[in-house]
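Coordinates in review
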Amino acid sequence: MAEPIRVCITGACGQIAYSILYMIAKGDVFGRDQPLILHLLDIPPMMGVLEGVVMELADCALPLLVQVVPTADPNVAFKDVSAAFLVGSMPRKEGMERKDLLSANVKIFKVQGEALDKYAKKDVKVLVVGNPANTNAFICSQYAPSIPRENFTAMTRLDQNRAQANIAAKVGVPVENVKNVVIWGNHSATQFPDVKNATVKVGNVEKSVYDAVGDSSYLENDFITTIQKRGAAVIAARKMSSAMSAAKAASDHMHDWWNGTENGKWVSMGVVSDGSYGVPKDIVFSFPVTIENKQWKIVQGLTVDDFSRSKFAVTATELLEEKEEATAVCKL
Ligand code: NAI
């Protein structure tokens, strides 16, 4: 058996954590032969609930789970961790403006960035799920200067999975037949789900999604808005936000970061922009990436037309605004 690795999950009493803890602890993310020590962080008033989560994990009797460390202290939570899922954040309450929410959450990610900087392994892989995920990831990395910026990513995999499932249903094929759908930009309603370079296997023939769907108006209108508003549609139906699918997406994201992407396939991740495709530098923007040896690389040379560029501009502008607001909050 390998040596155990330490993995932190924040927001450990929340609904996403309730699904993802089981996925991680049974080996879906880091492998079925990788023992784990799980560090569970939540806020002090939730410590009683956290005890219940720890009891349930024990009662799952999972062979890979060596130890569980429940805590309300970020310094304990991030000590020696190799991977961190930053899920915990403040939910939007009635009457709360987007700005208030951003301000509350950015402060959490500042504190956690500082704690990661001091206590985590220097090659820790940090996945930010808590919203506004892209900007939280940016802030977190700013406050962890001893850890490479590339080690902070934001989750847009749920949007990718939603887009892939939508196309599969439209064409009438299994979801794994759809490949290389891209989410560009922010994990928000300004994101751009793009199938210009995506393919789908119909029977034994690999076709472009545009050819297989045969309806470019759908792909450039309803498809985009459906994916952009899917989170709101789930809330309207379930009266709670996406949790099982968000947990599955976080597990997919970290799995691919840890293990690499398959040949010829790419995945979408919010990563720090290097200016590729004309996107402004130094914002956490979702790009298509390939991964090898735990290092991601932005896929270059994809078809990007004027339509795509106009969509990039909208979502990049939102991210620049969020960055400005978040930076101002942190300096207060
Ligand atoms: P939840 O409200 O069920 O759980 C959040 C948990 O975080 C609570 O237990 C809370 O006590 C804890 N928490 C709050 N502040 C904390 C702090 N400073 N440190 C540690 N824990 C803290 O929320 P849920 O449904 O689990 O969602 C979590 C976040 O994920 C939300 O921000 C949500 O908007 C976001 N989300 C992101 C998605 C994405 O695609 N990027 C998809 C779905 C949700």
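Up top is the structure these notes are about.
Notes on the structure in this doc start here. (Residues numbered from 1 in each chain as written. Predicted model: local features only at pLDDT ≥ 70, side-chain atom pairs only at ≥ 80, totals over all residues. Heavy atoms only, no water.)

Focus on the overall build of the protein chain
Within the protein chain, the regular secondary structure consists of 12 helices and 14 strands. By the compact-globule yardstick of 20 Å for 332 residues, the protein chain fits well, its C-alpha radius of gyration being 19 Å. The buried share of the protein chain, taken over its 332 residues, is 52%. In the protein chain, of all internal contacts separated by at least 6 residues, the share reaching a separation of at least 24 is 72%. Summed over all atoms, the accessible surface of the protein chain reaches about 14,800 Å², with 53% contributed by carbon and sulfur. Measuring between centres, the 35 positive side-chain charges of the protein chain sit 0 Å from its 37 negative side-chain charges. (Helix = DSSP H or I, 4+ residues; strand = E, 2+ residues; numbered from the N terminus. Rg over C-alpha atoms; globule rule 2.2 N^0.38 Å. Buried < 20%, exposed > 50% of the residue type's maximum accessible area, 1.4 Å probe, protein only. Contact = heavy atoms within 4.5 Å. Areas by Shrake-Rupley, 256 points an atom, 1.4 Å probe, with all protein chains shown as cover. Lys, Arg positive; Asp, Glu negative; His and termini not counted. Charge placed at Lys NZ, Arg CZ, Asp CG, Glu CD.)

A word on the pattern of salt bridges
Across all of its chains, the model carries 11 salt bridges by this definition. For Asp-282, the salt bridge identified is with Arg-149, shortest N-O distance 2.9 Å. In this pair, Asp-282 is assigned in the loop between strand E12 (267-272) and strand E13 (284-292) and Arg-149 in the loop between helix H5 (133-142) and strand E6 (152-154), connecting sequence segments 133 residues apart. In this structure, Lys-196 and Asp-305 form a salt bridge, with 3.0 Å as the shortest nitrogen-oxygen distance. Taken together, the residues span a long stretch of sequence, with Lys-196 in the loop between strand E9 (192-194) and strand E10 (199-202) and Asp-305 in the loop between strand E14 (295-298) and helix H12 (306-331) at a distance of 109 residues. (Salt bridge = Lys/Arg side-chain N within 4 Å of Asp/Glu carboxyl O.)

Concerning unusual backbone geometry
That bond from Asn-131 to Pro-132 is cis: its omega, -5 degrees, falls within 30 degrees of zero. As for its placement among the helices and strands, Pro-132 is situated in the loop between strand E5 (125-128) and H5. Notably, Asn-180 is not glycine yet its phi reads approximately 65 degrees, a positive angle. With respect to the helices and strands, the residue Asn-180 is situated in the loop between strand E7 (178-179) and strand E8 (182-184).

Remarks on the site of the ligand
Close contacts around the ligand come from 23 residues, with Gln-15, Asp-42, Ser-89, Val-129 and Asn-131 the closest. In this structure, an oxygen atom belonging to the ligand sits 3.0 Å away from a main-chain N or O atom of Ile-16. Counting only elements with at least two residues in the shell around the ligand, the list comes to helix H1 (15-25) and helix H4 (98-119). Residues that form the shell around the ligand fall into these classes: 11 nonpolar, 11 polar and 1 charged. Two domains each provide a minimum of three residues to the shell around the ligand, namely domain 1 (5-154) and domain 2 (157-321). (Near = heavy atom within 4 Å. Polar contact = N/O pair within 3.5 Å; in protein donor to acceptor, adjacent residues only side chain to side chain. Nonpolar A, V, L, I, M, F, W, Y, C, P; charged D, E, K, R; others polar. Domains from an automatic or database assignment.)

Re the nonpolar core
Ile-9, Phe-30, Leu-38 and Phe-85 are the most contacted members of the largest nonpolar core, which totals 77 residues. Here this core spans two domains, since at least three of its residues come from each of domain 1 (5-154) and domain 2 (157-321). Ala-84, Phe-109, Ala-137 and Ala-144 belong to the second-largest nonpolar core, a separate cluster that totals 29 residues. (Core = buried A, V, L, I, M, F, W, Y, C linked by side-chain atoms within 4.5 Å.)

Let's talk about the packing of helix H6 (residues 157-171) against helix H11 (residues 244-259)
Where H6 contacts H11, the two axes come as close as 8 Å, and the packing angle between them is 105 degrees. Comparing the axis directions of H6 and H11 gives the class roughly perpendicular. On H11, the residues that touch Arg-157, Leu-158 and Asn-161 of H6 are Ser-245, Ala-246, Lys-248, Ala-249, Asp-252, His-253 and Asp-256. Here the residues of the contact of H6 with H11 are counted per class, giving 3 nonpolar, 3 polar and 4 charged. (Axes fitted to C-alpha atoms, helices over the stretch in contact; angles between N-to-C directions. Parallel < 35°, antiparallel > 145°, perpendicular 65-115°, else oblique.)

Side note on the sheet that holds E7
With antiparallel pairing, the 3 strands of this open sheet are ordered in space as E7-E10-E11. This sheet does not close on itself; its edge strands, each paired only once, are E7 and strand E11 (205-208). Summarising the sheet, E10 and E11 pair through 4 bridges and their orientation is antiparallel. Directly across from Thr-199, in E11, lies its bridge partner Ser-208. (Pairing = 2+ DSSP bridges.)

Considerations on the pairing of E14
Of the two faces of E14, the one lined by Trp-296 and Ile-298 is fully buried and the one lined by Gln-295 and Lys-297 carries no buried residue. Both E13 and E14 contribute to a ladder of 4 bridges, which runs antiparallel. Among the inter-strand pairings, Thr-290 is bridged to a residue of E14, identified as Lys-297. Linking two consecutive strands that pair antiparallel, namely E13 and E14, is a turn of 2 residues; a positive phi of about 50 degrees is found at Asn-293 within it.

Brief notes about the state of the cysteines
Overall, the coordinates contain 0 disulfides when judged by the stated rule. The thiol of Cys-8 is not disulfide-bonded; the next cysteine sulfur, from Cys-140, is found 11 Å away. For the unlinked cysteine Cys-60, the closest cysteine sulfur is that of Cys-13, found at 15 Å. (Disulfide = S-S within 2.5 Å.)

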